[in-house]
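What follows is each chain in one-letter form.
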Amino acid sequence: MVSSSTSALRRALLYVPASSTRMLTKSLGLTCDTIIYDLEDSVTPDAKTEARDALNQHLSRLSALPPSVSEIAIRVNRAGSSFLEKDLKLAASIPLVDTVVVPKVNTIGDLRAVSHVLKNFENKSYKEIRNKPIRVIAMIESARAIMNISSIIRGPRLNGLMFAAEDFALDLSLTRTPDLTEFLYARSAMVTAARVENIPSVIDLVCTSYQGKEGLTRLEEECRGGKAMGFNGKQCIHPSQVETVQRLFSPSKKEVEWAVRITVANKKAAAEKRGAWTLDGKMIDAPVFGRAVEIVEKARKCGMDVDGLREKWKDQEPE
Ligand code: COA
Ligand code: MG
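Residues numbered from 1 in each chain as written. Chains lettered and ligands numbered in written order. Predicted model: local features only at pLDDT ≥ 70, side-chain atom pairs only at ≥ 80, totals over all residues. Heavy atoms only, no water.

Glancing now at the sheet that holds strand E3 (residues 69-75). Strand order in the closed barrel made by the eight strands is E1-E2-E3-E4-E5-E6-E7-E8, with parallel pairing throughout. Looking at each pair of strands side by side, their axes are set apart by 30° on average, direction ignored. Of the pairings in the sheet, the one linking E3 to strand E4 (residues 97-102) comprises four bridges and is parallel in character. Among the inter-strand pairings, Ile 74 is bridged to a residue of E4, identified as Val 100. Across the sheet, helix H4 (residues 108-123) touches E4, strand E5 (135-140) and strand E6 (158-163), and the angle it forms with E5 is around 150°. (Pairing = 2+ DSSP bridges. Helix = DSSP H or I, 4+ residues; strand = E, 2+ residues; numbered from the N terminus. Axes fitted to C-alpha atoms, helices over the stretch in contact; angles between N-to-C directions. Contact = heavy atoms within 4.5 Å.)

Examined at the domain level, the chain breaks down into domain 1 (4-248) and domain 2 (253-312). Between domain 1 and domain 2, the C-alpha centre-to-centre distance is 33 Å. Each side of the interface is counted separately: domain 1 has five residues, and domain 2 has five residues. Broken down residue by residue, the surface that domain 1 buries against domain 2 is led by Leu 9, Arg 11 and Lys 227, which jointly contribute 72%. The tally of links between domain 1 and domain 2 comes to two salt bridges. In this structure, the salt-bridge partner of Arg 195 is Glu 294, at a minimum N-O distance of 3.9 Å. Viewed at the interface, domain 2 and domain 1 are joined by one residue pair in polar contact (both at pLDDT 80 or more). (Domains from an automatic or database assignment. Buried area = accessible area lost by both parts, 1.4 Å probe. Salt bridge = Lys/Arg side-chain N within 4 Å of Asp/Glu carboxyl O. Polar contact = N/O pair within 3.5 Å; in protein donor to acceptor, adjacent residues only side chain to side chain.)

A separate point is helix H2 (residues 48-60). If you check H2, its first and last C-alpha atoms are 18 Å apart, about what 13 residues at 1.5 Å a residue would give, namely 18 Å. Among the residues of H2, those classed as buried are Lys 48, Ala 51, Arg 52, Leu 55, His 58 and Leu 59. One face of H2 carries all of its buried residues, which in axial projection span an arc of 130°. Exposed and oriented more than 90 degrees from the buried face of H2 are Glu 50 and Gln 57. The inward-facing, buried residues of H2 contact helix H1 (21-27), strand E2 (32-38), E3, helix H3 (84-93) and E4. (Expected span 1.5 Å × (residues − 1). Buried < 20%, exposed > 50% of the residue type's maximum accessible area, 1.4 Å probe, protein only. Arc of directions from axis to C-beta.)

The periodicity of an α-helix, 3.6 residues per turn, causes residues three or four positions apart to be oriented the same way. Taking 1.5 Å of rise per residue, 18 residues should cover 26 Å, and helix H9 (residues 212-229) covers 26 Å from first to last C-alpha, within 8% of that figure. At its buried positions, H9 is contacted by helix H8 (184-196), strand E7 (201-204), strand E8 (233-236) and helix H10 (242-248). Positive backbone phi, approximately 110°, marks Gly 230, located one or two places after H9.

A few words now on the coordination of the magnesium ion (ligand 2). In this structure, Glu 141 (OE) and Asp 167 (OD) serve as the protein donors to the magnesium ion (ligand 2), at separations of 2.1 to 2.3 Å. Remark: Asp 167 occurs in helix H7 (residues 165-172) and Glu 141 occurs in the loop between E5 and helix H5 (143-147); sequence separation between them is 26 residues. Judged by its relative accessible area of 4%, Glu 141 is buried. Residue Asp 167 is classed as partly exposed on the basis of its relative accessible area of 23%. (Donors = N, O, S within 2.8 Å, 3.2 Å for Na, K, Ca; no water.)

So this is what it looks like as structure tokens:
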């Protein structure tokens, strides 16, 4: 039995179209948190079978995750599609596949349908090779999905929500703007809803401009905006986007240093029975401390040197 990754650190999730053998091969040498092999919209309907076969061949040859990848996912076709069952069968048959990305989820029923099919494969055909159930990331791409978000978050196997801007814009006839205000309500609704059920990942939209300085500036702005809104990561379409996304969805050095100083000083403040105290002229109380603890934990997951910083700031006192 192959044991697969348990990490939920999803900052950069890179799409690799399963129809491109060149990109499938290329994906093995890339660094990113999650590779999403795509069987949905980057593959035309008449190429689905061929792409599924190519992906099967590609994944069957792997005995372990590529060294710089934490998770392998497959984006299947939507619930109700004639391709779905075969897509899910492929996902269940490969032990290294942890996660299935389900596009165009409109209701909790869509997630139940996917889970039901997965369960059959997990319990029957592939019982011997799987040590845990496949997780699901639901893509939110319609007005209906946003209106149903409070029930979708209770769907079986749900481990993440992902926003799909292009389909959402099409559904609502929105005009795209660089500052993304047209998506504010939907993106904020997703982040808020995910918190209710402690869904570990909420993943922001693709930045479709990926070339040159202009593409990079746009990507950086989108990452900063998404992180500030509470997203954990971002979908990528090109390998050149991954480094920026990973960096900007990790806590910054400045943030971690601030958070470490708070955790150190808070212990001393608590010993003096002070619930509210001051650091750098700003008030620190329970929620600010809670946020600092979260940042320190995330920094550890991202492999940052938290212990070095704790040592550096061990004498930090509350002001
Ligand atoms: N995954 C793996 N490899 C990729 C890649 C990806 N998503 N995007 C590009 N590459 C590879 C290319 O094959 C090329 O490899 P090579 O140097 O060995 O030839 C290299 O990276 C440079 O690629 P580049 O020439 O800059 O881009 P391109 O013109 O080949 O491809 C896209 C541009 C947008 C078509 C391509 O990046 C892509 O298909 N992205 C994913 C799209 C997708 O899945 N959309 C659905 C979800 S929104
Ligand atoms: Mg879509």
